[in-house]
Amino acid sequence: RLTQEAAGKTITLELISPYRRYAGMINEAYLGNEGAHWHALFQEGGTGAFIGLLMILGGVLSILCLGFFSWRRGKGLAGLFLALFVVLTGVWMLGESKLVQLFYNAPLLIYLATLAANFAMPIPLGLFLLHHYRQLRRAWLIKLETAAHAVFFAAAMLLQITATADFMELLLFFQVLLAVSI
């Protein structure tokens with residue numbers, strides 16, 4: 001928020017990025033009163049945030065119900081994989097929404113959770129598919145793709161934790177791996 005004394009004066013902002021791909025790029029900036037900002041944020045990110053929250057709640061409820069009703073009998077493992085996929089997708093959608101930053105002001109944590117969920121999503125989906133289609137002749141392909149995504153996720157987490165490479169630097173590799181998996 002700028003004070004009234006700033007009116008008519010020049011403001012200089014210096015923006016730097018550790019990522020060469022994003023150097024020189026800036027997110028949009030908003031001008032207007034507080035009500036206009038809230039309206040713009042809800043209009044842009046409200047639907048994605050709402051769907052993401054519903055997916056997280058639905059996935060967690062599914063996991064709890066599966067845990068209570070199905071695991072005793074040794075069934076429900078495929079449902080667990082699918083529910084975990086839904087939760088991870090919800091976390092990703094909620095993190096991509098700009099609206100979540102208004103309620104939880106930790107941009108680094110939001111960024112890390114969003115990309116970690118994005119990198120992990122193919123693993124439970126692959127396990128779900130493998131559980132249902134293990135009789136197919138090409139089930140080995142689903143196993144291979146799921147294993148490749150699990151190895152990538154573990155490597156990405158290790159590289160992020162050791163500060164060797166950032167999630168954003170690994171995003172292109174993930175997209176290529178995902179495209180090959182499809």
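Conventions used here
Each chain carries its own residue numbering, running from 1 in the written order of its sequence. Restriction of local features to residues with pLDDT of at least 70 applies here, the model being predicted, together with a cutoff of 80 or more for giving and counting side-chain atom pairs; totals for whole chains, interfaces and linings are based on all residues. Side-chain figures throughout are based on the complete set of non-hydrogen atoms in the structure, without hydrogens or water. As a per-residue measure, pLDDT reflects the predictor's confidence and takes values from 0 up to 100. Strands are runs of DSSP state E lasting at least two residues, helices are runs of H or I lasting at least four, and both sets are numbered from the N terminus onward. Put simply, a patch holds well-exposed residues, over 30% relative accessible area, that have no salt bridge, with like charges counted together within 9 Å and Val, Leu, Ile, Met, Phe, Trp or Tyr side chains within 5 Å. All accessible-area figures derive from a Shrake-Rupley calculation using a 1.4 Å probe, and residue coverage is judged against the displayed protein chains alone. For this analysis, a salt bridge means a side-chain nitrogen from Lys or Arg found within 4 Å of a carboxyl oxygen belonging to Asp or Glu. Note on ring pairs: Phe, Tyr and Trp rings are taken, using the six-membered ring of Trp, and paired if centres are within 6.5 Å. Classes follow the plane angle, with under 30 degrees stacked, over 60 edge-to-face and the rest tilted. Here, nonpolar core refers to any group of buried Ala, Val, Leu, Ile, Met, Phe, Trp, Tyr and Cys residues whose side-chain atoms link them within 4.5 Å. Relative accessible area decides the class of each residue, using a 1.4 Å probe on protein chains only: under 20% of the type maximum gives buried, over 50% gives exposed, and in between gives partly exposed. Residue contacts are counted whenever heavy atoms from the two residues lie within 4.5 Å of one another. Two axes define the bend at a residue: one fitted to the seven residues ending there, one fitted to the seven starting there, and the bend is the angle between them. Throughout, an axis means a line fitted to C-alpha atoms (over the contacting stretch in the case of helices), and angles, computed between N-to-C directions, take values from 0 to 180 degrees. These descriptions rest on fixed angle ranges, namely under 35 degrees for roughly parallel, over 145 for roughly antiparallel, 65 to 115 for roughly perpendicular, and the rest for oblique. Here a crossing is called left-handed whenever its near helix is offset anticlockwise from the far helix by less than a right angle, and right-handed whenever the offset is clockwise. Here the term charged refers only to Asp, Glu, Lys and Arg, the term nonpolar to Ala, Val, Leu, Ile, Met, Phe, Trp, Tyr, Cys and Pro, and the term polar to all other amino acids, Gly among them. Cavity and pocket criteria rest on a 1 Å grid covering protein atoms alone: a 1.4 Å probe that fits but cannot get out defines a cavity, protein on both sides within 12 Å along at least 5 of 7 lines defines an open pocket, and an atom within 4 Å of a point defines a lining residue. Grid points are joined across faces, edges and corners, and a volume is the space filled by probe spheres set on the points.

Some thoughts on the confidence of the model for the chain
Then, in step 1: On average, residues of the chain carry a pLDDT of 82, and 85% of them reach 70 or more.
Then, in step 2: Averaged over each element, pLDDT in the chain is lowest for helix H3 (residues 100-103) (76) and highest for helix H6 (residues 139-161) (91).

Side note on a nonpolar patch on the surface
Then, in step 1: Together, Trp38, Phe42, Leu102, Phe103, Tyr104 and Leu109 give the surface a local cluster of nonpolar side chains, amounting to about 610 Å² of exposed area.
Then, in step 2: Breaking the nonpolar patch down by element, the ones donating at least two residues are helix H1 (34-69) and H3.
Then, in step 3: Considering the arrangement of structural elements, one finds Phe42 in helix H1.

Quick word on the packing of aromatic side chains
Then, in step 1: Taken as a whole and judged by the stated rule, the model has four aromatic pairs.
Then, in step 2: A connected cluster of aromatic rings, assembled from ring pairs, spans Phe119, Phe152, Phe167 and Phe174.

Remarks on the nonpolar core
Then, in step 1: Grouped together as the largest cluster of nonpolar side chains are 13 residues, with contacts concentrated most on Leu115, Phe119, Phe152, Ala156, Phe167, Leu170 and Leu171.
Then, in step 2: At the level of elements, helix H4 (107-120), H6 and helix H7 (167-181) are the ones that each hand at least two residues to this core.
Then, in step 3: Examining the composition of this core, we find that six residues originate from one element, H7, more than from any other.
Then, in step 4: Residues contacting Phe167, with those up to four places away along its chain left out, are Tyr111, Leu112, Leu115, Ala116, Phe119, Ala156, Met157 and Gln160.
Then, in step 5: In this structure, Leu41, Ala49, Leu99 and Ile110 belong to the second largest nonpolar core, which totals seven residues.

Some details on H1
Then, in step 1: Gly45 marks the point of greatest bend in H1, at about 55°.
Then, in step 2: Taken residue by residue, H1 has Ala40, Leu41, Gly45, Gly46, Ala49, Gly52, Ile56, Gly59 and Leu66 as its buried positions.
Then, in step 3: On its buried side, H1 packs onto helix H2 (77-96) and H3.

Considerations on unusual backbone geometry
Then, in step 1: Phi at Ala163 is positive, roughly 60°, even though this residue is not glycine.
Then, in step 2: Turning to its location among the elements, Ala163 is positioned in the loop between H6 and H7.
Then, in step 3: Judged by its relative accessible area of 66%, Ala163 is exposed.

A closer look at the packing of H2 against helix H5 (residues 122-132)
Then, in step 1: At their nearest, the axes of H2 and H5 sit 8 Å apart, and the two run at 155° to each other. Taken together, H2 and H5 sit at an angle that is classed as roughly antiparallel. Here the hand of the crossing between H2 and H5 comes out left-handed. Contacts between H2 and H5 involve Ala78, Phe81, Leu82, Leu84, Phe85 and Leu88 on the former and, on the latter, Pro124, Leu125, Leu127, Phe128, His131 and His132.
Then, in step 2: Of the residues that constitute the contact of H2 with H5, the class distribution is 10 nonpolar, two polar and no charged.

Concerning the packing of H4 against H7
Then, in step 1: Relative orientation of the contacting elements H4 and H7 amounts to 20°, with a least axis distance of 11 Å. Judged by the inter-axis angle, H4 sits roughly parallel to H7. The interaxial crossing formed by H4 with H7 has left-handed handedness. From H4, Tyr111, Leu112, Leu115, Ala116, Asn118 and Phe119 reach across to H7, where they touch Phe167, Met168, Leu170, Leu171 and Phe174.
Then, in step 2: For the contact of H4 with H7, a count of residues per class yields 10 nonpolar, one polar and no charged.

So, H5
Then, in step 1: Listed as buried for H5 are Pro122, Ile123, Pro124, Gly126, Phe128 and Leu130.
Then, in step 2: Of the surrounding elements, those touching the buried residues of H5 are H2, H4, H6 and H7.

Side note on the layout of surface pockets
In this approach the atoms are scanned with a rolling probe the size of a water molecule, which exposes any empty space left behind.
Then, in step 1: In this model, the second largest pocket occupies a volume close to 250 Å³.
Then, in step 2: Pro122, Leu125, His149, Leu178 and Ser181 are, among the 15 residues lining the second largest pocket, the residues nearest its centre.
Then, in step 3: Secondary-structure elements contributing two or more residues to the lining of the second largest pocket are H5, H6 and H7.
Then, in step 4: Considered class by class, the residues forming the lining of the second largest pocket number nine nonpolar, five polar and one charged.

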